[in-house]
2 protein chains.
Amino acid sequence: MSAKAPIDFYFDFSSPYGYIASTQIDAIAARNGRAVVWRPILLGVVFKTTGMAPLPSVPMKGEYSVRDFARSARFYGVPYAMPKQFPFNAVQPSRVFYWLSGRDADLARRFAQAAFHAAFPGQQDIAAAEACAGIAATLGVKREETLAAVNDPAVKEKLRTEVDAAIKRGVFGSPFIVVDGELFWGADRLDQAERWMKTGGW
Amino acid sequence: MSAKAPIDFYFDFSSPYGYIASTQIDAIAARNGRAVVWRPILLGVVFKTTGMAPLPSVPMKGEYSVRDFARSARFYGVPYAMPKQFPFNAVQPSRVFYWLSGRDADLARRFAQAAFHAAFPGQQDIAAAEACAGIAATLGVKREETLAAVNDPAVKEKLRTEVDAAIKRGVFGSPFIVVDGELFWGADRLDQAERWMKTGGW
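Procedures and definitions
Every chain begins its residue count from 1, and numbering advances along the sequence as written. Here every chain gets a letter starting at A, and every ligand a number starting at 1, in the order they are written. Reporting of local features is limited, given that this is a predicted model, to residues whose pLDDT is at least 70; pairs of side-chain atoms are given and counted only at 80 or more, and all residues count toward the totals for whole chains, interfaces and linings. Each side-chain value is derived from all of the structure's non-hydrogen atoms; neither hydrogens nor water enter the calculation. In what follows, residue pairs with any heavy atoms lying within 4.5 Å of each other are defined as contacts. For any pair of parts, buried area is found by adding up, for both, the accessible area (1.4 Å probe) each one loses once the two are put together. When a carboxyl oxygen of Asp or Glu is within 4 Å of a side-chain nitrogen of Lys or Arg, the pair counts as a salt bridge. What qualifies as a polar contact is a pair of N or O atoms within 3.5 Å, subject to a donor-acceptor requirement within protein and to the restriction that residues adjacent in sequence count only when both atoms come from side chains. Each helix is a run of DSSP H or I of at least 4 residues and each strand a run of E of at least 2, with the numbering of both proceeding from the N terminus. Buried residues are those whose accessible area, probed at 1.4 Å on protein chains only, stays under 20% of the maximum for their type, while exposed residues exceed 50% and partly exposed ones sit between those limits.

## Quick look at the interface of chain B and chain A
- Contact residues are listed per partner, giving 31 residues for chain B and 31 residues for chain A.
- When chain B packs against chain A, close to 3000 Å² is buried across both sides, 56% of that on carbon and sulfur atoms.
- When residues of chain B are sorted by the area they lose upon contact with chain A, Met60, Tyr64 and Phe75 of chain B head the list and together hold 25% of the total.
- Glu182 of chain A is the partner of Arg71 of chain B in a salt bridge, and the nearest nitrogen-oxygen pair spans 2.8 Å.
- In this assembly, chain B and chain A are joined by 20 residue pairs in polar contact (both at pLDDT 80 or more).

## Quick look at the environment of Phe116 of chain A
Residues and elements named next belong to chain A.
- Of note, Phe116 is situated in helix H6 (residues 105-119).
- Owing to a relative accessible area of 0%, Phe116 belongs among the buried residues under this scheme.
- Taking the C-alpha atoms as reference points, Phe116 and Gln192, separated by 76 residues in sequence, lie 24 Å from one another.
- For Phe116, the residues in contact, after removing those within four places along its chain, are Phe11, Asp12, Phe13, Ser15, Gly18, Tyr19, Ser22 and Pro121.

## Examining the environment of Glu182 of chain A
- Topologically, Glu182 of chain A is positioned in strand S4 (residues 182-185).
- Here Glu182 of chain A falls in the buried class, since its relative accessible area comes to 6%.
- Along the primary structure Glu182 of chain A and Ile7 of chain A are separated by 175 residues, whereas in three dimensions their C-alpha atoms are 9.7 Å apart.
- In this view, Glu182 of chain A contacts Ile177 and Trp196 of chain A together with Arg67 and Arg71 of chain B; residues no more than four positions away in its chain are not counted.

Shown next as structure tokens:
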């Protein structure tokens, strides 16, 4: 039997539901014999296509969402706190991610996990390149290299290409999980995504 | 021990996720010792408050949602088909519901279930008073009485009052489930709503 195709995990670094899913997705995939390709995107760019707005800015839905973020995190047993600045711009951590992924996909994933944990339970501001360089440094990456990478035109272009490709594929929120071409939106679709991995559809 | 408070189940008759939740909510509540108060609302009125739009009208999200409605129904093992006219105006079935609920809450619930099944697997147009009178007739309600009821000012006012009260409470979508004052939005929050019934919160 040939190996099963990897699944794609799309997320925005400023998305609480993306963070929650990030704490579950590797284990779900692993127990179904799948690898996971992590793919940060930028919801701000996506929203220009859909006309959607960040959750906290929508009347009623905003207040509900803030409560649901924390309640859902507790439901999954995941440590969570709302960043002081929210939503924040995820361009810099996303650039760092794609720069690292060109060297070592596992290192890039560990950077993403560290950045998510710095932002959500940690309430640290991860929007700035300096902050991202500090996080990468904890994984053994030299600060100067990270600070140079976020200004590298090739890295900037890689992020733009990834976001454009995600939108073309139908990704319009965070998280999105793609299993053998089937799209699932939301941390609350992890159960359906897993069943799709097990069964190939229904 | 005193009896546990009933839970509230808010839905719009034209909402596929409301329909899906309607097939699950009574069993979930019953196994946790709860009654369910069914409360139809009108998303069109709610959207005027939030600025939100019907799912199918949002680029990308619209196409995804149509697929997710059917996939989620199959996931729950619920028969489903998209009504030919969608979304549709739910004023008339909602009026019939509240009129019947003033006589017999169980009859009103059976009307709601019959209307949902007519619309979703059945693809019947349930927006018109005539259609609603036909559905109520299968439950032994005289057609002329239903047709008179939807033009009764007291019935119209009851629906307006219910929708306004729902909005004041924070309901902005379909379905919403309220357990001891805690709001849960979406068919994909049935699991959290049930845990809240069991545990009183987390």
